[in-house]
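# Structural characterization, general
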Amino acid sequence: MTRQSATASRELEHPARDAVRLEHVLHALSDPVRLSVVRRLADGPPEQACSSFDLPVSKSTCTHHFRVLRESGVINQVYRGTAKMNALRDTDLDVLFPGLLTAVLAAARAQDGREAG
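To start, this report covers the structure provided alongside it. (Residues numbered from 1 in each chain as written. Predicted model: local features only at pLDDT ≥ 70, side-chain atom pairs only at ≥ 80, totals over all residues. Heavy atoms only, no water.)

### Side note on the sheet that holds strand E2 (residues 75-80)
One open sheet accounts for three strands, arranged E1-E3-E2; its pairing is antiparallel. Either end of the sheet is taken by a strand with one partner, and the two such strands are strand E1 (48-49) and E2. Sheet analysis places E2 next to strand E3 (residues 83-88), joined by six bridges and oriented antiparallel. Counted as the bridge partner of Gln-77 is Asn-86 from E3. (Pairing = 2+ DSSP bridges. Helix = DSSP H or I, 4+ residues; strand = E, 2+ residues; numbered from the N terminus.)

Right, dumping it as structure tokens:
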């Protein structure tokens, strides 16, 4: 296998901006585990490795959640060496659905406040 084909085989498919659909984004954000990933990506460094997330699910279920987020257009994933790095596609989402991500994140924070109080 050549170096170029080895690199190409590690690329992940993402929907183009124009192919991102609202119902897929809403589905991805409706799961508490996936929403926690999105919240962490929104509040933390712009790129974070899958292995840095301590999620209350098995490794295979983690993989599923990240795949749903990627295939819905919510996150971008790239390999950096052996790490799979994740970044929120907030600019794309804001162009397509202005204010949606901001509103969902604000609602999640407000819900946390109500549950803590």
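Having put the structure on the table, let's press on.
### Quick word on the packing of helix H3 (residues 32-43) against helix H4 (residues 59-72)
Two quantities define a packed helix pair, namely the angle between the axes and the distance from one axis to the other. In the contact formed by H3 and H4, the axes pass within 10 Å of each other and the chain directions differ by 65 degrees. Classed by the angle they form, the pair H3 and H4 counts as roughly perpendicular. The element H3 and its partner H4 pack so that their crossing is right-handed. Within the contact between the two elements, H3 uses Val-33, Arg-34, Val-37 and Val-38 and H4 uses His-64, His-65, Phe-66, Val-68 and Leu-69. (Axes fitted to C-alpha atoms, helices over the stretch in contact; angles between N-to-C directions. Parallel < 35°, antiparallel > 145°, perpendicular 65-115°, else oblique. Left-handed = near helix turned anticlockwise from the far one by under 90°. Contact = heavy atoms within 4.5 Å.)

### Examining the packing of aromatic side chains
Under the defined criterion, the tally for this structure stands at one aromatic pair. Positioned above the aromatic ring of Phe-53, the side-chain terminus of Arg-40 is 4.2 Å from the ring centre. (Phe/Tyr/Trp six-rings, centres within 6.5 Å; stacked < 30°, edge-to-face > 60°. Lys NZ or Arg CZ within 6 Å of the ring centre and 35° of its normal.)

### Overview of the pairing of E3
Pairing analysis gives two bridges linking E1 to E3, with the strands arranged antiparallel. Bridge assignment links Gln-48 to a residue of E3, and that residue is Asn-86. Hairpin connection from E2 to E3: two residues lie between these consecutive antiparallel strands, with Gly-81 at a positive phi of about 65 degrees.

### Here's the deal with the side chain of Arg-70
As for its position among the elements, Arg-70 is in helix H4. The charged side chain of Arg-70 is buried without a salt bridge, its nearest counter-charge being Glu-71 at 4.4 Å. The residues touching Arg-70, leaving out its near neighbours within four places in the chain, are Leu-12, Glu-13, His-14, Pro-15, Ile-75 and Gln-77. (Buried < 20%, exposed > 50% of the residue type's maximum accessible area, 1.4 Å probe, protein only. Lys, Arg positive; Asp, Glu negative; His and termini not counted. Salt bridge = Lys/Arg side-chain N within 4 Å of Asp/Glu carboxyl O.)

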